[in-house]
2 protein chains.
Amino acid sequence: MDEVNLDELATKPNTWLDASGPEADIVVSTRARLARNAAGHRFSTKATHKDKAEIETLASQKISELQDLNLHYVPLKEAPATDKLFLVERHLISKEHANADWPRGVAIAPESGISVMVNEEDHLRIQVLRSGFRLGEAEEAVYRVEDAIAKVLPFCFRPQFGYLTACPTNVGTGLRLSVLLHLPVLAMLNQIDQVFRVLSRLSYIVRGLYGEGTRASGDFYQISNHVTLGKSEQQTVAEMEKLIPQIVKFERECRVKLISENRTRLEDRVWRAFGILSNARAINSEETLEHLSAVRLGVNTGLIKRVPIGLVNDLFIATQPGHLQKLQNRMLSPAERDAVRADLIRRKLAECN
Amino acid sequence: MDEVNLDELATKPNTWLDASGPEADIVVSTRARLARNAAGHRFSTKATHKDKAEIETLASQKISELQDLNLHYVPLKEAPATDKLFLVERHLISKEHANADWPRGVAIAPESGISVMVNEEDHLRIQVLRSGFRLGEAEEAVYRVEDAIAKVLPFCFRPQFGYLTACPTNVGTGLRLSVLLHLPVLAMLNQIDQVFRVLSRLSYIVRGLYGEGTRASGDFYQISNHVTLGKSEQQTVAEMEKLIPQIVKFERECRVKLISENRTRLEDRVWRAFGILSNARAINSEETLEHLSAVRLGVNTGLIKRVPIGLVNDLFIATQPGHLQKLQNRMLSPAERDAVRADLIRRKLAECN
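Computed from a predicted model, the values in this text were never measured in an experiment. (Residues numbered from 1 in each chain as written. Chains lettered and ligands numbered in written order. Predicted model: local features only at pLDDT ≥ 70, side-chain atom pairs only at ≥ 80, totals over all residues. Heavy atoms only, no water.)

**A look at the overall build of chain A**
When helices and strands are tallied, chain A shows twelve helices and ten strands. A compact globule built from 353 residues would reach a C-alpha radius of gyration of about 20 Å, and chain A, at 21 Å, matches this within 12%. Its C-alpha atoms give chain A principal-axis dimensions of about 65 × 45 × 30 Å. Every one of the 353 residues in chain A was classed for burial, and the buried ones make up 59%. For chain A, contacts bridging at least 24 residues in sequence account for 73% of all contacts bridging at least 6. Summed over all atoms, the accessible surface of chain A reaches about 14900 Å², with 51% contributed by carbon and sulfur. Side chains of chain A give 46 positive and 45 negative charges; the mean places of these two sets differ by 3 Å. (Helix = DSSP H or I, 4+ residues; strand = E, 2+ residues; numbered from the N terminus. Rg over C-alpha atoms; globule rule 2.2 N^0.38 Å. Buried < 20%, exposed > 50% of the residue type's maximum accessible area, 1.4 Å probe, protein only. Contact = heavy atoms within 4.5 Å. Areas by Shrake-Rupley, 256 points an atom, 1.4 Å probe, with all protein chains shown as cover. Lys, Arg positive; Asp, Glu negative; His and termini not counted. Charge placed at Lys NZ, Arg CZ, Asp CG, Glu CD.)

**With respect to the pairing of strand 10 (residues 220–225) of chain B**
Residues and elements named next belong to chain B. Of all six residues in strand 10, six are buried; the element is thus mostly enclosed. Neither face of strand 10 is exposed, since Phe220, Gln222 and Ser224 on one face and Tyr221, Ile223 and Asn225 on the opposite face are all buried. Of the pairings in the sheet, the one linking strand 8 (residues 175–182) to strand 10 comprises five bridges and is antiparallel in character. Following the sheet pairing, Leu181 is matched in strand 10 by Tyr221. (Pairing = 2+ DSSP bridges.)

**With respect to the pattern of salt bridges**
The tally for this structure, following the rule as stated, stands at 44 salt bridges over all chains. Between Glu287 of chain B and Arg272 of chain A there is a salt bridge, with the nearest N and O atoms lying 2.7 Å from each other. Of this pair, Glu287 of chain B sits in helix 9 (residues 285–300) while Arg272 of chain A is found in helix 8 (residues 233–279), placing the two residues in two different chains. Residue Glu287 of chain B shares its accessibility class with Arg272 of chain A, and that shared class is buried. (Salt bridge = Lys/Arg side-chain N within 4 Å of Asp/Glu carboxyl O.)

**Quick word on the relation of the copies chain A and chain B**
Once chain A is rotated about the relating axis by 180° and shifted along it by 0.0 Å, it coincides with chain B to within an RMSD of 0.0 Å. The two molecules are tied by a two-fold rotation axis, judged by turn and shift. Closest approach to the rotation axis within chain A is made by the C-alpha atom of Gly275 of chain A, at a distance of 2.1 Å. With an isologous cut-off of 70% or more, the 100% of interface residues of chain A that recur at the interface of chain B puts this contact in the isologous class. (Least-squares fit on C-alpha atoms with pLDDT ≥ 70 in both.)

**Considerations on the packing of aromatic side chains**
All chains considered together, the criterion is met by eight aromatic pairs over all chains. When the centroid spacing of 4.5 Å and the interplanar angle of 90° are considered together, the rings of Phe220 of chain B and Phe316 of chain B count as edge-to-face. With Phe220 of chain B in strand 10 and Phe316 of chain B in helix 10 (residues 309–318), the pair connects residues that are 96 residues apart, well separated along the chain. Phe316 of chain B shares its class with Phe220 of chain B; the two are buried. Sitting above the plane of the Trp102 of chain A ring, Lys52 of chain A keeps its charged end 3.4 Å from the centroid. The ring of Tyr163 of chain B has Arg36 of chain B lying over it, and the distance from NZ or CZ to the ring centre is 3.5 Å. (Phe/Tyr/Trp six-rings, centres within 6.5 Å; stacked < 30°, edge-to-face > 60°. Lys NZ or Arg CZ within 6 Å of the ring centre and 35° of its normal.)

**Remarks on the packing of helix 7 (residues 192–201) of chain A against helix 8 of chain A**
All names here are of chain A. At a closest axis distance of 12 Å, the pairing of helix 7 and helix 8 adopts a crossing angle of 170°. In this view, helix 7 runs roughly antiparallel relative to helix 8, as classed from their interaxial angle. For the pair helix 7 and helix 8, contact is made by Gln194, Val195 and Leu199 and by Leu243, Ile247 and Phe250, respectively. Looking at the contact of helix 7 with helix 8 residue by residue, the classes come out as five nonpolar, one polar and no charged. (Axes fitted to C-alpha atoms, helices over the stretch in contact; angles between N-to-C directions. Parallel < 35°, antiparallel > 145°, perpendicular 65-115°, else oblique. Nonpolar A, V, L, I, M, F, W, Y, C, P; charged D, E, K, R; others polar.)

**A word on the interface of chain A and chain B**
Opposite the 14 residues of chain A that make contact, chain B presents 14 residues. Summing both sides of the interface, chain A and chain B together bury roughly 1300 Å²; the carbon and sulfur share of this comes to 55%. Considering only the side of chain A, the residues that lose the most area to chain B are Arg272, Asn279 and Arg281 of chain A, jointly responsible for 45% of the buried surface there. Where chain A meets chain B, there are two salt bridges. Scanning the region where chain A abuts chain B turns up eight residue pairs in polar contact (both at pLDDT 80 or more). Per element, the largest residue contribution to the side of chain A that touches chain B is nine residues, and it comes from helix 8 of chain A. Grouping the amino acids of the side of chain A that touches chain B by side-chain chemistry returns six nonpolar, three polar and five charged. (Buried area = accessible area lost by both parts, 1.4 Å probe. Polar contact = N/O pair within 3.5 Å; in protein donor to acceptor, adjacent residues only side chain to side chain.)

In structure tokens, the structure reads:
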């Protein structure tokens, strides 16, 4: 398995943010994830440091045998903080995986949106990211990766339960499907809480852009299924295939309503955001997400014509601290980051003129 | 005396805002004003409605005889609210004069910055406005107007007191000199209160852009002498000629300090303001003044090169409600004004590209 060059990766946009796929103006991306554990090894909750080191060696070796997947292994135990932050920002590893202190890593194939975390909560967390609303496709893709790995690394499975996992919420299929939705107008018109109440009643989980605990920066909401036991993969996909379009429809209806009832308010919000991003000389991450969200809405409603949506999508990630530091190749103080971030945004938006 | 066309006047910039004259980046304009009362007529405090009507007829007739001054008389008793607001915004009449309900008016020669209010607090308030720091010139000009009027309308004068006025604070010379200063960096660095304490100890009055009671919108401060009794005109001018340059110097020093210590903060403030003004689709008067102040600072510190300072100066006045309504030729709701204002600013700034 080749070494992966994260510095080079940092200069490339995320394929899962290229705005391809159905409903990509609202459903930014789809993620399918499987939780798997190697048969005959202690689960992470009981595993010693030595057990984990063994799992890492085993898993990374086995995965490297699967040449077709073109996965590159990145060990994380000794990795620089900037690299870990960078991988979190690209949604290739979780925050928890970045912050752990035991032997662990991630195998990635960024072009195909695949990442396999080793020694996260489970031995393996296999994930596939796709641009747009593509549940079936993401699910098939993640099972292809899982099939391939299962051939070289047998998983812990019980016929009456399904796949066993470190946390009971994942037992069964071990499958979690999520979509990342951009819902700026539902947020603007205070309709978002209503949506969340319904989702929570249906046992879905809603999070912000960067996983649990993050508030919904930039009006991005990640919606995931919660139940993996007693539901087949087909049921899970079918249920979300029905549910998500309803939210998409609601956001679209609210956009039409806003445009017809208060076009000036929408235009003002969108263009001010564009004006600030095109001119600021220092801007923090939170304010950037807020304005990028408005610009994204402007592009998707046809108010802003000169900026491609893929560029806006990419700026959401490229302006995060890890990416900025990776691109500058050094640690940056918060004030330096704010200046570098403002310069990057200004340059990118100026290129659209 | 010709009728003056206010609609036509509304399309013209203010000569006293053309950024000519010494120190015009900080001393926006200089004003000299004389309070005078016609001998043998009751002062406004004692005058009946009929007395005031007589004064108006007398004064407007006498002034109209002075063809050299090219003054145009605007009666205000029946004038539309928009006209009065417009004249206040151009600093040609006071707010109090606009809001009074007795016979009154103003004779104006806008090109030469002259206005003579009839039946304000005194029978006559003769005023000359000049761009930049030109105390001596403004004072000479106002006395030339006063001399001319005195020849046809004798003033109330007592050798031991000087000119008598309705309010004792104006007795003596009846002269008030004021300068309008733009002090954005003293405000930004919280140094402005210190300046005001000194000024108040020296019996100067500090006001905002639109006279007494207005807070300093857009970081504009009008500084006037307070004492007219026991001080000659020469003393008054000499004292201000010494004092104002010290404030100008302090603002300049703070600008140098800000640029050397926190250039990014200054640039960010200036360019964000420019970005918002160039892109907003609705903006209220207060926010406009705030951002115009930052843009003005940007132009005067060389950060913004494409925008002429005269245009910025003019926008401070042209974006006021009276001007917007005069230009649209109708009353506007606050929401309409905010949209019309944003359009005007955007168009004017786009012309600078």
